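Results of the structural survey
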Amino acid sequence: MPRSFSLHLFFGRESDIMFFIERTRCAGFWNGTARGGKTTKTEAHMKYLVIGAGGTGGSIGAYMTEAGKDVTLIARGEHLKKMQEQGLKMETTRKGNYTVNPVKATDMANYDEKPDIIFVCVKGYSLEETIPFIRRVAKETTIVIPILNIYGTGGRMQEKLPELLVTDGCIYIAAEIKEPGTIWQNGDIFRVVYGVRKKEELRPALFGVAKDLKESGIDGVLSENIRRDALQKFAYVSPMAACGLYYHVSAGDVQITGEPRDTFVKLMREVDALAVAMGVPFLADIVTTNLQILDALNPTASTSMQRDIYAGKASEIDGLIYEVVRMGEKYGVPTPTYRMIADKAREDGLR
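The structure reproduced in this document is the subject of the present report. (Residues numbered from 1 in each chain as written. Predicted model: local features only at pLDDT ≥ 70, side-chain atom pairs only at ≥ 80, totals over all residues. Heavy atoms only, no water.)

**Focus: the sheet that holds strand β8 (residues 143-146)**
- As summarised here, the arrangement of the six strands in space is β6-β3-β2-β7-β8-β9, forming an open sheet in which the pairing is parallel. The sheet terminates laterally at β6 (104-106) and β9 (165-166), the two strands that pair on one side only.
- Pairing of strand β2 (residues 47-51) with strand β3 (residues 70-74) involves five bridges; the strand directions are parallel. Paired with Lys47 across the strands is Asp70, a residue of β3.
- Contacts from helix α3 (residues 77-86) reach β3 and β6 within the one sheet, and its direction differs from that of β6 by about 145°. (Pairing = 2+ DSSP bridges. Helix = DSSP H or I, 4+ residues; strand = E, 2+ residues; numbered from the N terminus. Contact = heavy atoms within 4.5 Å. Axes fitted to C-alpha atoms, helices over the stretch in contact; angles between N-to-C directions.)

Given below as structure tokens:
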């Protein structure tokens, strides 16, 4: 089995990842400061809750805890037990190996605080179980920031949590649980991009989040167009997952000229057409950019969705493949390549 990589990013050369990020940066990002360059008023000493302590949530929790922020991680099983007993071990190419101890970690049943900010860092198939928990622990001013692979997660969560503000978000990081209590982070990129879908929903606390992230060594970016920025991230992870699954291949087979690479390009063009139809056209040539990223990968890299499916586990196939077909139907955009892959996956009994 090829080594899997987190769909939150991928294992490639740092220069190529930076090229992608800078090419896709919107001109109007907020970075914890107002447009005039003055720091906006933010809430001091905010209380953070991170639901999910895998590669994404665990890394956020470790960096913010180390920086002195008030953060609690929600986890379960042996991973939670190890963190409670020994702290959270981080093995990184960015900062070396170290342990954050103590780290506040508990499960949903035993969390009894009222957070200001909730980062949701679970897989798409686990999202539903977070809703009643969020309702229980949130206060009126709590802001929920989902950071998932699945496009449109924030909007769907907002419908179920109408009393709260739920943003959208995405993350650039290569990280995974190496073993219970230990996170492996590969590369220097660690960027969290988030934002409101309606500008009237913007709150001072969101600037505070960017500030706290930056003070923790994380590039926190408050986006002016989160629909575009999240879709642009999705335009890589979804085609790569779909292509890898359909052909049962790793990155190396898509890096060379042939049918898998051609299919990868067709998938990206279908997402590109969706972006135009949705009124959020990409600011970069997504095909050229993503092929450069792909070609910088370790040839053995494969997606976490593939790994989950091959292991017989629940996967994010609905949000990464079937959802694109549904989006095409909604916006009147043909998605024949996605439909071909979706039909084959359903024939194989994948749900």
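Structure's up, so let's keep going.
**Side note on the nonpolar core**
- Counting residues in hydrophobic clusters, the biggest one holds 49 residues, and the most contacted among them are Leu231, Phe264, Leu294, Ile317 and Ile321.
- With 12 residues, helix α7 (residues 226-247) is the largest single contributor of residues to this core.
- In this structure Phe264 touches Tyr236, Pro239, Met240, Cys243, Val254, Asn290, Leu291 and Leu294, once residues within four positions along its chain are discounted.
- Ile145, Ile171, Ala175 and Val192 belong to the second-largest nonpolar core, a separate cluster that totals 42 residues. (Core = buried A, V, L, I, M, F, W, Y, C linked by side-chain atoms within 4.5 Å. Buried < 20%, exposed > 50% of the residue type's maximum accessible area, 1.4 Å probe, protein only.)

**A few points about the environment of Thr65**
- Within the secondary structure, Thr65 is located in helix α2 (residues 55-66).
- Under the relative-accessibility criterion, Thr65 is labelled buried at 18%.
- Distance in space between the C-alpha atoms of Thr65 and Asn101 is 9.0 Å, their sequence separation being 36 residues.
- Ignoring any residue separated from it by four or fewer positions in sequence, one finds Thr65 in contact with Val71, Val100, Pro102 and Val103.
- A polar atom in the side chain of Thr65 sits 2.7 Å from the backbone oxygen of Gly61. (Polar contact = N/O pair within 3.5 Å; in protein donor to acceptor, adjacent residues only side chain to side chain.)

**Description of the pairing of strand β10 (residues 168-172)**
- Counting buried positions over the five residues of β10 gives five, a clear majority of the element.
- Neither face of β10 is open: one carries Asp168, Cys170 and Tyr172, the other Gly169 and Ile171, and all of them are buried.

**Looking at the packing of helix α9 (residues 259-277) against helix α10 (residues 286-295)**
- Close contact between α9 and α10 brings their axes to 10 Å; oriented N to C, the two are set at 140°. The orientation of α9 with respect to α10, classified from their angle, is oblique. Helix-helix and strand crossings are classified by hand; for α9 and α10 the assignment is right-handed. Of the residues in α10, those in contact with Arg261, Phe264, Val265, Met268, Arg269 and Asp272 of α9 are Ile286, Val287, Asn290, Leu291, Leu294 and Asp295.
- Looking at the contact of α9 with α10, its residues break down into seven nonpolar, one polar and four charged. (Parallel < 35°, antiparallel > 145°, perpendicular 65-115°, else oblique. Left-handed = near helix turned anticlockwise from the far one by under 90°. Nonpolar A, V, L, I, M, F, W, Y, C, P; charged D, E, K, R; others polar.)

**Focus on the pairing of β8**
- Here β8 shows two buried faces, one formed by Ile143 and Ile145 and the other by Val144 and Pro146.
- Sheet topology note: the strand β7 (residues 117-120)/β8 ladder contains four bridges and is parallel. Considered in β8, the bridge of Val120 is made with Pro146.
- Regarding the hand of the β-α-β motif, the stretch spanning β7, helix α4 (residues 130-137) and β8 is right-handed.
- The sheet contact formed by β8 and β9 spans two bridges and is parallel. (Right-handed = clockwise from strand over helix to strand, strands pointing away.)

**Observations concerning the sheet that holds β10**
- With mixed pairing, three strands are arranged side by side in an open sheet as β10-β13-β14. Where the open sheet ends on each side, the last strands, each with one partner, are β10 and β14 (219-222). Across this sheet, the average inter-strand angle for adjacent strands is 15°, counted without regard to direction.
- Relative to β14, strand β13 (residues 191-195) runs parallel, the two being bridged by four bridges. Note that in β14 the partner of Val192 across the bridge is Gly220.

**With respect to the environment of Tyr194**
- Secondary-structure assignment places Tyr194 in strand β13.
- With 24 residues separating them along the chain, Tyr194 and Cys170 place their C-alpha atoms 6.4 Å apart.
- A polar side-chain atom of Tyr194 sits 2.6 Å from the main-chain carbonyl oxygen of Leu206.

Note that all results are geometric; they support no functional claim without further evidence.
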